[in-house]
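Residue-level structural notes
Okay, here's what each chain looks like letter by letter:
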Amino acid sequence: MLDLLPEQTRRWQAVESVTRDHFHRAGLQEIRTPLLELTELFARGIGEATDVVGKEMYTFVDRGGRSCTLRPEGTASVVRAALQNGLLSQGPQRLWYSGPMFRYERPQAGRQRQFHQVGVEFLGVSSPRSDAEVIALAWALLADLGVQGLVLEINSLGTVEDRKNYRGELVKWLEARSEKLDDDSRKRLYTNPLRILDSKNPATKALLEDSPTLLETLSEESKARFTELQGDLKALHIPFHLNPHLVRGLDYYCHTAFEITSDQLGAQATVCGGGRYDGLVEQLGGPSTPAIGWALGMERLILVLEAAASADSSGQAARLTAATRPDLYLVNRGERAERAALVIAHQLRAAGLVVELDGSGAAFAKQFKRADRSRAPWALVIGDDEIEKGEGRLKRLKGAAPEADQTSIDQLQPLDDLIGLVRLLRD
Ligand code: ATP
Ligand code: MG
């Protein structure tokens, strides 16, 4: 589990603000649920057979003897909250959430035990158009962040019926080749054969290249739905690849499944994953409710954003991740000067300026070094001499304009005319 230091937090905040803005414009509302849920919610909502529930959860018994779990993902909690608070009876819900998730996995680049997701859930919407809208939301957000080299992969899982037909065919095909399967996959052959398609084992991957695909087995209705989605994505100019191996193992997933991956991330390539889960709400005790959503990993997004920023120093990603600079650095020294500087900083901040007040009492030369490092365009210098004259010295700083001739643009600034100063700094 990692600390986010100020330098990194700044980048996260930039991403979070773009994200919030996108969701706002798309009419989504934020929902915030507790980090802790009853274990049973995830056992039912994600499934005992999954790695997440089977091996990765932080579970403990609380003082009341209840089994509790730190949430490993957001969807189950959002559905629980919507059910418990009667949101579904108020019509379709377009929700988003963000926050820490917990999974006991092997930590490595792009994989932590506490990580963060931003997610979207549309509850009560069934049209294939909503699948396209949900995907477009993720795509537009990532594009707006200036993230490069992303690939959208889509698949259709069809209906429960479609998958039952396909499962039979796949098991037959794999049984004939079972000596070529890795141990994990052989175990899954009868418990969850579709998950084998998702295997990361290179030999298994190669073997599966010629396997029958679910797409070929889909009913006409499911095929038509998938074609409709592809038409929508084309109309939106969102490029995509068909990936018949993109699956989710659980029965409540259906039709659209998608992933957005980046070649910058090594093995942990998936930035965003999602799909339709028409059976989940019912599985958690609610009325039959169609639904679709996605979740995006913040740590991985930040990694690709940083890669984009260093590849193009004047691009959108670089602009977003750049440190903000104060409008003014207040250099001050001497007892009266320090009090005056404190008051001036307070007043200028109230007027909306970003003011960094040097509180060190150090020699002027030291303070100027720090002022340059702050990248503020201006320093206002106040010593006891300046207080005596009632005038501070406004100095153009190197950090902002290294090429500027600094001595020529120093000016005196009456300390009782802060309005003039505010106006000057704003321009
Ligand atoms: P993976 O195949 O990488 O384990 P997943 O299928 O477990 O991903 P989801 O449960 O769909 O992932 O979560 C959505 C996104 O959350 C992932 O695409 C990824 O960006 C991020 N994510 C999942 N697990 C972690 C983790 N342990 N550390 C950091 N990010 C994660
Ligand atoms: Mg995982």
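Everything numeric here is computed off the predicted structure, so don't read it as measured data.

Some thoughts on the site of ligand 1
Not every one of the 13 residues close to ligand 1 is listed here, only the nearest: R103, E105, R111, Q112 and T270. Here R111 contributes a side-chain N or O atom positioned 2.9 Å from an oxygen atom of ligand 1. Taking Q117, its side chain carries an N or O atom lying 2.9 Å from an oxygen atom of ligand 1. When ligand 1 sits alone it has 580 Å² of accessible area, and the protein chains cover 82% of it. At the level of secondary structure, the elements contributing two or more residues to the shell around ligand 1 comprise β6 (114–123), β10 (270–276) and β11 (291–297). Here the residues of the shell around ligand 1 are counted per class, giving 3 nonpolar, 5 polar and 5 charged.

Things to note about the sheet that holds strand β15 (residues 391–396)
An order of β13-β12-β14-β15-β16 is seen for the 5 strands of this open sheet, with the pairing classed as mixed. Each edge of the open sheet carries a strand with a single partner, namely β13 (355–357) and β16 (411–414). Strand-to-strand twist in this sheet, taken as the mean axis angle between neighbours without regard to direction, amounts to 30°. Relative to β15, strand β14 (residues 378–382) runs antiparallel, the two being bridged by 4 bridges. Among the inter-strand pairings, V381 is bridged to a residue of β15, identified as R393. Contacts from helix α14 (residues 335–350) reach β12 (328–332), β13 and β14 within the one sheet, and its direction differs from that of β13 by about 160°. Against the sheet, helix α15 (residues 364–374) touches β12, β13, β14 and β15, its axis set at about 170° to β12.

Description of the sheet that holds strand β8 (residues 241–242)
If you trace the 8 strands from one edge of the open sheet to the other, you get β1-β5-β6-β11-β10-β9-β7-β8, paired in mixed fashion. Either end of the sheet is taken by a strand with one partner, and the two such strands are β1 (29–30) and β8. Of the pairings in the sheet, the one linking strand β5 (residues 93–102) to β6 comprises 10 bridges and is antiparallel in character. For G99, the partnering residue across the bridge sits in β6 and is Q117. Helix α10 (residues 220–235) contacts β7 (150–156), β8, β9 (254–262) and β10 of the sheet and is inclined by roughly 160° relative to β7.

Structural notes on the packing of aromatic side chains
Counted according to the given criterion, the structure contains 4 aromatic pairs. Seen from their ring centres, F23 and W96 are 5.0 Å apart, and the 40° between their planes marks the pair as tilted. A residue pair is termed long-range when its members are at least 10 positions apart, and F23 in helix α1 (residues 6–25) and W96 in strand β5 qualify at 73 residues. The burial state of F23 is the same as that of W96; both residues are buried. Ring plane angle 45° and centroid distance 4.9 Å describe the contact between Y252 and Y253, whose orientation is recorded as tilted. For Y253, a relative accessible area of 16% corresponds to the buried category. In textbook terms, an aromatic cluster arises when at least three aromatic residues are bridged by ring pairs, as seen for F23, W96 and W294. Positioned above the aromatic ring of Y104, the side-chain terminus of R113 is 3.8 Å from the ring centre.

A short note on a nonpolar patch on the surface
A surface patch of nonpolar side chains, amounting to about 240 Å² of accessible area, comprises L35, L36 and F60. With respect to the helices and strands, L36 occurs in strand β2 (residues 36–38). The exposure class assigned to L36 is partly exposed, which follows from its relative accessible area of 36%.

Quick word on the domain arrangement of the chain
Its domain assignment divides the chain into domain 1 (6–158 + 218–319) and domain 2 (328–426). Distance between the C-alpha centres of domain 1 and domain 2: 47 Å.

A word on the pairing of β10
With 6 of its 7 residues buried, β10 lies for the most part within the structure. Pairing of β9 with β10, which is carried by 6 bridges, proceeds in the antiparallel orientation. In the strand pairing of β10, T261 is matched with T270. Across 5 bridges, the pairing between β10 and β11 is antiparallel. Residue pairing in the sheet places R276 in a bridge with I292 of β11.

Here's the deal with helix α5 (residues 128–144)
The terminal C-alpha atoms of α5 lie 24 Å apart, and with 17 residues this matches the ideal 24 Å at 1.5 Å per residue to within 8%. Regarding α5, the residues found buried are P128, S130, D131, A132, V134, I135, A136, L137, A138, W139, L141 and L142. G146 lies just past α5 and shows a positive phi near 80°.

Let's talk about the nonpolar core
Nonpolar side chains tend to gather and get buried jointly when the protein is soluble and globular. In terms of nonpolar packing, the biggest core is built from 96 residues, with L145, L152, W294 and L301 touching the most fellow members. Per-element accounting of this core gives the leading share, 9 residues, to α5. In this structure, L301 is in contact with V15, L142, L145, V147, V271 and L296, ignoring residues within four places of it in sequence. With 20 residues, the next largest nonpolar core counts A340, I344, V355 and I387 among its residues.

Considering a negative patch on the surface
Among the surface-exposed residues, E335, E338, D384 and D385 lie close enough to one another that they form a single negatively charged patch. Those elements that place two or more of their residues in the negative patch are α14 and α16 (384–389). Turning to its location among the elements, E335 is positioned in helix α14.

Description of the environment of F23
The buried category is assigned to F23, whose relative accessible area is 0%. When the C-alpha positions of F23 and F115 are compared, they lie 21 Å apart, and in sequence the two are 92 residues distant. Apart from the residues lying within four places of it in its own chain, the contact partners of F23 are L28, W96, V118, V120, L137 and W294.

About the cut-offs
- Residues numbered from 1 in each chain as written.
- Chains lettered and ligands numbered in written order.
- Predicted model: local features only at pLDDT ≥ 70, side-chain atom pairs only at ≥ 80, totals over all residues.
- Heavy atoms only, no water.
- Near = heavy atom within 4 Å.
- Polar contact = N/O pair within 3.5 Å; in protein donor to acceptor, adjacent residues only side chain to side chain.
- Areas by Shrake-Rupley, 256 points an atom, 1.4 Å probe, with all protein chains shown as cover.
- Helix = DSSP H or I, 4+ residues; strand = E, 2+ residues; numbered from the N terminus.
- Nonpolar A, V, L, I, M, F, W, Y, C, P; charged D, E, K, R; others polar.
- Pairing = 2+ DSSP bridges.
- Axes fitted to C-alpha atoms, helices over the stretch in contact; angles between N-to-C directions.
- Contact = heavy atoms within 4.5 Å.
- Phe/Tyr/Trp six-rings, centres within 6.5 Å; stacked < 30°, edge-to-face > 60°.
- Buried < 20%, exposed > 50% of the residue type's maximum accessible area, 1.4 Å probe, protein only.
- Lys NZ or Arg CZ within 6 Å of the ring centre and 35° of its normal.
- Patch = residues over 30% accessible without salt bridge, like charges linked within 9 Å, V, L, I, M, F, W, Y side chains within 5 Å.
- Salt bridge = Lys/Arg side-chain N within 4 Å of Asp/Glu carboxyl O.
- Domains from an automatic or database assignment.
- Expected span 1.5 Å × (residues − 1).
- Core = buried A, V, L, I, M, F, W, Y, C linked by side-chain atoms within 4.5 Å.
- Lys, Arg positive; Asp, Glu negative; His and termini not counted.
- Charge placed at Lys NZ, Arg CZ, Asp CG, Glu CD.

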